[in-house]
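Descriptive structure summary
If you want the building blocks of each chain, they are given just below.
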Amino acid sequence: DGLVSTGIEDQRQGGGRAEEVARRLQALAQKVSEMEDEAQGFREHIEEQRQKALTDPLTGLANRAGWSERLELEVARWKRYGGDLLLAVLDIDHFKRINDGYGHLAGDKVLKIIAGELSKRLRKTDFLARFGGEEFVLLLPGTPLEGGQQLLETLRAGVESCPFHFRGEPVTITLSSGLTAFASGDSGEAAFARADQALYKAKREGRNRIELG
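My aim in this report is to walk through the structure given alongside it, one point at a time. Since the structure is predicted, the reported quantities are computational estimates derived from the model, not experimental observations. (Residues numbered from 1 in each chain as written. Predicted model: local features only at pLDDT ≥ 70, side-chain atom pairs only at ≥ 80, totals over all residues. Heavy atoms only, no water.)

1. Section: helix 2 (residues 64-81)
Here helix 2 contains 18 residues, and its C-alpha end-to-end distance of 25 Å stays within 8% of the 26 Å for a straight helix at 1.5 Å per residue. For helix 2, the set of buried residues is Gly66, Trp67, Leu71, Glu74, Val75 and Trp78. Down the axis, helix 2 shows its buried residues gathered within 155° of arc, on one side only. Exposed and oriented more than 90 degrees from the buried face of helix 2 are Glu72, Lys79 and Arg80. Close packing links the buried residues of helix 2 with strand 1 (85-92), strand 2 (127-132), strand 3 (135-141) and helix 6 (188-204). A distance of 3.1 Å separates the backbone nitrogen of Ala65 from a side-chain oxygen at the start of helix 2, and that oxygen is part of Asn63. Trailing helix 2 by a residue or two, Gly82 shows a phi angle of about 75°, which is positive. (Helix = DSSP H or I, 4+ residues; strand = E, 2+ residues; numbered from the N terminus. Expected span 1.5 Å × (residues − 1). Buried < 20%, exposed > 50% of the residue type's maximum accessible area, 1.4 Å probe, protein only. Arc of directions from axis to C-beta. Contact = heavy atoms within 4.5 Å. Polar contact = N/O pair within 3.5 Å; in protein donor to acceptor, adjacent residues only side chain to side chain.)

2. Details of the packing of aromatic side chains
Counted by the stated rule, this structure contains five aromatic pairs. With 6.1 Å between their ring centres and 15° between their planes, Phe164 and Phe166 make a pair best called stacked. Each member of the pair, Phe164 as well as Phe166, is classed as buried. Ring pairing ties together the aromatic residues Tyr102, Phe164 and Phe166, which thus form one cluster. Over the ring of Phe131 we find Arg64, and its NZ or CZ is 3.9 Å from the ring centre. (Phe/Tyr/Trp six-rings, centres within 6.5 Å; stacked < 30°, edge-to-face > 60°. Lys NZ or Arg CZ within 6 Å of the ring centre and 35° of its normal.)

3. Considering the environment of Leu87
Of note, Leu87 is situated in strand 1. Taking the relative accessible area as the measure of exposure, Leu87 reaches 0% and is therefore buried. Separated by 52 residues in sequence, Leu87 and Leu139 have C-alpha atoms that sit 4.8 Å apart.

Structure, rendered in structure tokens:
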């Protein structure tokens, strides 16, 4: 009898230990799962902060840092696979007059509306950023020069036909652009410099126009 009861007791203790081990393993698995969820949350938060750092808060477009990151990516892709890659610099004409004449809030409104007008006319593969002030930059992958000119003409005409009103008066706002195609051996900086020079030419030639660089 004593041996039987001891055996039963040992089984109970053994069963109890197994249950305790199972409980501990379950608690450990739960803890690991919670830590993984927390790590995922951190990763998402970091990515969210990174995206915020690459976005212009006024227009919702990429900012200069976001532009630099995408330019590097598109140039690397172009060097590897070839094809067409265009770069354009766009500038709102006489923007200082809007700020000086109607105030900075009016200027901000113009920038937001124009950013929206440009964005809605672009394809998913195109990339538009606010470079700073009233200047925007645009990358057009897989686009021949003629197609890029047509697109920029559409953008220019779209901005010109925007119905702006300040203090009850209609105001026409226009855009000047410089456009260039990447050529063999080009860097992002070299293409940007050409497009920027073409933009200056567009300004000199009377504004509200597109020049090639």
